[in-house]
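# Coordinates in review
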Amino acid sequence: MKPYFERMQRFGKELKQGRIKRASASMEQLKQVEAEIGQLKKGVEDAGFSTEQINKRGAMTVWQRLEYLVDPGTWRPLHSLYNPMDNANGATNVVDGLARVAGRWAVVIGFDNKVLAGAWLPGQSENILRVTDLAARLHIPLIWLVNCSGVKLDEQEKFYANRRGSGTPFYRHAELNQLGIPVLAGIYGTNPAGGGYQGISPTILLAHKDANIAVGGVGIVSGMSPRGGFSAEMLEDLVEKTRTFSAKPPGRVETHYHETGFFSEVFEEETEVLGGIRDYMDAIPAYKPRFFRVSEPAEPAFPSADLYSLLPFNPKEVYSFDEILARLVDASEHMEFRPDYGPEVYTGLCRIDGFLVGCIGNRSGYLGKGYPEYADYPGMGGKLYRQGLIKMNEFVTHCGRDRIPVIWLQDTSGIDVGDLAEKAELLGLGQSLIYSIQQTDLPMMLVVLRKGTAAAHYLMGGPTANRHNAFTLGTPATEIAVMHGETAAVAMYSRRAVKEKDAGRPLDEVADKMNTLAEQYRQHSRPEYCARYGLVDEVVELADLRNYLTAFAGAAYQNPRSICPKHQMILPRLIKN
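Residues numbered from 1 in each chain as written. Predicted model: local features only at pLDDT ≥ 70, side-chain atom pairs only at ≥ 80, totals over all residues. Heavy atoms only, no water.

This part takes up the nonpolar core. Across soluble globular proteins, nonpolar side chains have a tendency to be buried as a group. Of all hydrophobic cores here, the largest spans 132 residues; its most connected members are Trp144, Trp408 and Phe471. Looking at this core element by element, the count peaks at 8 residues for helix 22 (residues 545-556). When sequence neighbours within four positions are dropped, the list of residues in contact with Trp408 reads Ile360, Met392, Val396, Leu433, Ile437, Met444, Met445, Leu446, Val447, Leu459, Met460 and Gly461. (Core = buried A, V, L, I, M, F, W, Y, C linked by side-chain atoms within 4.5 Å. Buried < 20%, exposed > 50% of the residue type's maximum accessible area, 1.4 Å probe, protein only. Helix = DSSP H or I, 4+ residues; strand = E, 2+ residues; numbered from the N terminus. Contact = heavy atoms within 4.5 Å.)

We now examine the sheet that holds strand 3 (residues 94-101). Taken in spatial order, the 7 strands make up an open sheet running 2-3-4-5-6-8-10, and their pairing is mixed. Each edge of the open sheet is held by one strand with a lone partner, namely strand 2 (76-78) and strand 10 (265-267). Direction aside, neighbouring strands of the sheet carry axes that sit 20° apart on average. Note that strand 8 (residues 204-208) and strand 10 share 3 bridges and pair parallel. Looking at strand 10, one finds that Ala207 is bridged to Val266. Seen against the sheet, helix 22 touches strand 2, strand 3 and strand 4 (104-111) and runs at an angle of roughly 90° to strand 2. (Pairing = 2+ DSSP bridges. Axes fitted to C-alpha atoms, helices over the stretch in contact; angles between N-to-C directions.)

With that settled, consider helix 15 (residues 386-402). Given a rise of 1.5 Å per residue, 17 residues ought to cover 24 Å, and the 25 Å separating the end C-alpha atoms of helix 15 matches this to within 8%. In terms of residue burial, helix 15 counts as a mostly covered element, since 12 of its 17 residues are buried. Two residues or fewer after helix 15 comes Arg403, characterised by a positive phi angle close to 60°. (Expected span 1.5 Å × (residues − 1).)

Another point: empty space enclosed by the protein. Taken as a whole and assessed by the stated rule, the structure comprises 1 cavity of 30 Å³ or more. A volume near 30 Å³ is recorded for the largest cavity. Contributing to the lining of the largest cavity are Ile37, Lys41, His79, Ser80, Leu81, Ala531, Asp537, Glu538 and Val539. Those elements giving two or more residues to the lining of the largest cavity turn out to be helix 3 (24-46) and strand 20 (538-539). A class-by-class count of the residues in the lining of the largest cavity yields 4 nonpolar, 2 polar and 3 charged. (1 Å grid on protein atoms, 1.4 Å probe; cavity = no way out; pocket = protein on both sides within 12 Å on 5 of 7 lines; lining within 4 Å. Points joined across faces, edges and corners; volume = space filled by probe spheres on them. Nonpolar A, V, L, I, M, F, W, Y, C, P; charged D, E, K, R; others polar.)

Under the criterion given, the structure shown has 35 salt bridges. The partner of Arg526 in a salt bridge is Glu479, with the nearest N and O atoms 3.4 Å apart. One end of the pair, Arg526, is in the loop between helix 20 (508-523) and helix 21 (527-532); the other, Glu479, is in strand 19 (residues 479-481), with 47 residues separating them in the sequence. Classification of Arg526 as buried rests on a relative accessible area of 15%. Close ionic contact of Glu500 with Arg496 constitutes a salt bridge, the shortest N to O distance being 3.6 Å. Of this pair, Glu500 and Arg496 both sit in helix 19 (residues 485-502), separated by 4 residues, roughly a single helical turn. On the accessibility criterion, Arg496 (31% relative accessible area) is partly exposed. Salt bridges sharing partners connect three or more residues here, namely Lys152, Asp154, Glu155 and Lys158. (Salt bridge = Lys/Arg side-chain N within 4 Å of Asp/Glu carboxyl O.)

For the rest of this paragraph, the subject is the state of the cysteines. Overall, the coordinates contain 0 disulfides when judged by the stated rule. Among the cysteines around Cys350, which has no disulfide bond, Cys359 carries the closest sulfur, lying 3.9 Å off. By relative accessible area, Cys350 is classed as buried at 0%. (Disulfide = S-S within 2.5 Å.)

Packed helices, taken two at a time, are described by the angle their axes make and the gap between the axes. Where helix 6 (residues 124-138) meets helix 7 (residues 168-178), the axes come as close as 9 Å, and the angle between the chain directions of the two elements is 10°. The pairing of helix 6 with helix 7 is recorded here as roughly parallel in orientation. Along its contact with helix 6, which presents Ser125, Ile128, Leu129, Thr132, Asp133, Ala135 and Ala136, the element helix 7 presents Thr168, Pro169, Arg172, His173 and Leu176. Taken together, the residues that form the contact of helix 6 with helix 7 break down as 6 nonpolar, 4 polar and 2 charged. (Parallel < 35°, antiparallel > 145°, perpendicular 65-115°, else oblique.)

Quick look at unusual backbone geometry now. The step from Tyr371 to Pro372 runs through a cis peptide bond, and the omega angle for that step is 5°. Position of Pro372 relative to the elements: it lies in the loop between strand 13 (355-362) and strand 14 (383-384). At Asn93, a residue that is not glycine, the phi angle is positive and equals roughly 75°. Here Asn93 shows up in the loop between strand 2 and strand 3. We classify Asn93 as buried; its relative accessible area is 1%. With a phi close to 60°, His139 is a non-glycine residue in the positive phi region. You can see His139 is positioned in the loop between helix 6 and strand 5 (142-146). Here His139 falls in the buried class, since its relative accessible area comes to 12%.

Further remarks concern the packing of aromatic side chains. Within this structure, the stated rule accounts for 15 aromatic pairs. Note on Tyr529 and Tyr533: the rings are 4.6 Å apart at their centroids and 45° apart in plane angle, and the pair reads as tilted. Among the aromatic residues, those joined into a cluster by ring pairs are Tyr287, Phe291, Phe292, Phe355 and Tyr557. The residue whose ring lies beneath Arg327 is Phe302, and the NZ or CZ to ring-centre distance is 4.3 Å. (Phe/Tyr/Trp six-rings, centres within 6.5 Å; stacked < 30°, edge-to-face > 60°. Lys NZ or Arg CZ within 6 Å of the ring centre and 35° of its normal.)

This paragraph deals with the pairing of strand 3. Taken across its 8 residues, strand 3 has 7 buried, putting it largely inside the fold. As paired strands, strand 2 and strand 3 are joined by 3 bridges and run antiparallel to one another. Bridging from a neighbouring strand, Pro77 pairs with Gly97 of strand 3. Taken together, the 8 bridges between strand 3 and strand 4 define a ladder with antiparallel strand orientation. Looking at strand 4, one finds that Val95 is bridged to Gly110. Between strand 3 and the antiparallel strand that follows it, strand 4, lie 2 residues; Ala102 among them carries a positive phi value of about 55°.

Take a look at the structure:
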């Protein structure tokens, strides 16, 4: 298969100085958003006690544990700003991402012990569900750094019960084990109640000598017999019980290592726990990269810094998707699938770190005379038409047959609408694409380069419409909304405007309401909002985008559940012939 994979077609062109100069204002806007997102992330990392205060107590912070645990240069954080319940610290109190540990990719998550000693907070359960889904989709280990003080009791009603509450991650661990995916846990500090459950549900438990896990902690054990209220006399008794249990809390090492045997190993130093995790990761089944690489890894032929000049901040400005892709894939080479059909979308095979991936993306600009073929109006890139939907159905199906992971790069304004579009079966073809995606059972990831709009956002790898989306990335230019804000204002207020006009009343008030709605749409579709409420799993800097693609490809091929041998693939042959 060397003629197919080692000598793919080169694409992309070097940027000219004129293009760089014209894009300078857009570049500044992109970098300004990146700087703002960076400050928000730093605020989350700095929340709670300082690193110095935690270290004085003889403990490492979760950030220090991560730095020690993961292979240098491989940490790819996710959900840094995820905060769907608007917690004061700006996050859900867990830190997670993809990383290599002992040379193997894993999903890593840890409680932030700087904030409320790693307590359960509102929205945290949703974050954990995303993490367990990610491990399941990529079929790679989940590593926990457990240091959880339990439930934040004065907000328990926001996250304790219901179908997606804080109990559900525990059965997700059982599901991972049933799928053959190990869950490794390094356990630190005091972990009562919810922290105790999080400490017992993994596959392998490695504990620091001062750690404990328990059904109930000191406070719970001391108050297990409610008497209808409190008095000073009762509190005197409570003080004594609390002192007793504080000196010897339940669930200590001597219980869960020497008696129950729940702890597989116990270590004197915090770093030794992390070393133990690395040892277990080294023992986990995983294919070496050479097993699935179709060629030697190669950097793109063009610098990633070009992306700031190629991706316009203005969502209405046209650009070349192919030039963007050429800055992301190995050697800036590809095999494009059906280049003369469905011009509004790109479909093709590329290499990321030597691994074969399918890439799908939106092209922008005027699509040429006579397209779409079913209509008397011009087609514009970003919108999906009949041919593009058929082409994506075909490409995704072939990727499924050949077991090739898929990367979606989205910048879509929606699906073509109107009576002609309905007669062209776009509604059915859209659902067909969702069916085709589901049928593949492939790991997929999505990058929303700029716009993710209407049902097209669902169709093109969006997490709403399939279970194969491992994670979604945003950029400083990302906007996700059901439609443009001004379009929404027209849809909502056009009839009201007609009534006001017919009644002879001024239209100023309606115009004000429309402007307010349009601005609300703008505020609620931008990168920071998308990251906070989970519309994307992380907003990444353009220069860092390829690193996430590399992590995805490496993880997807580490221990796949099904394999198509290279010489038995049909898609490369269809493209070349």
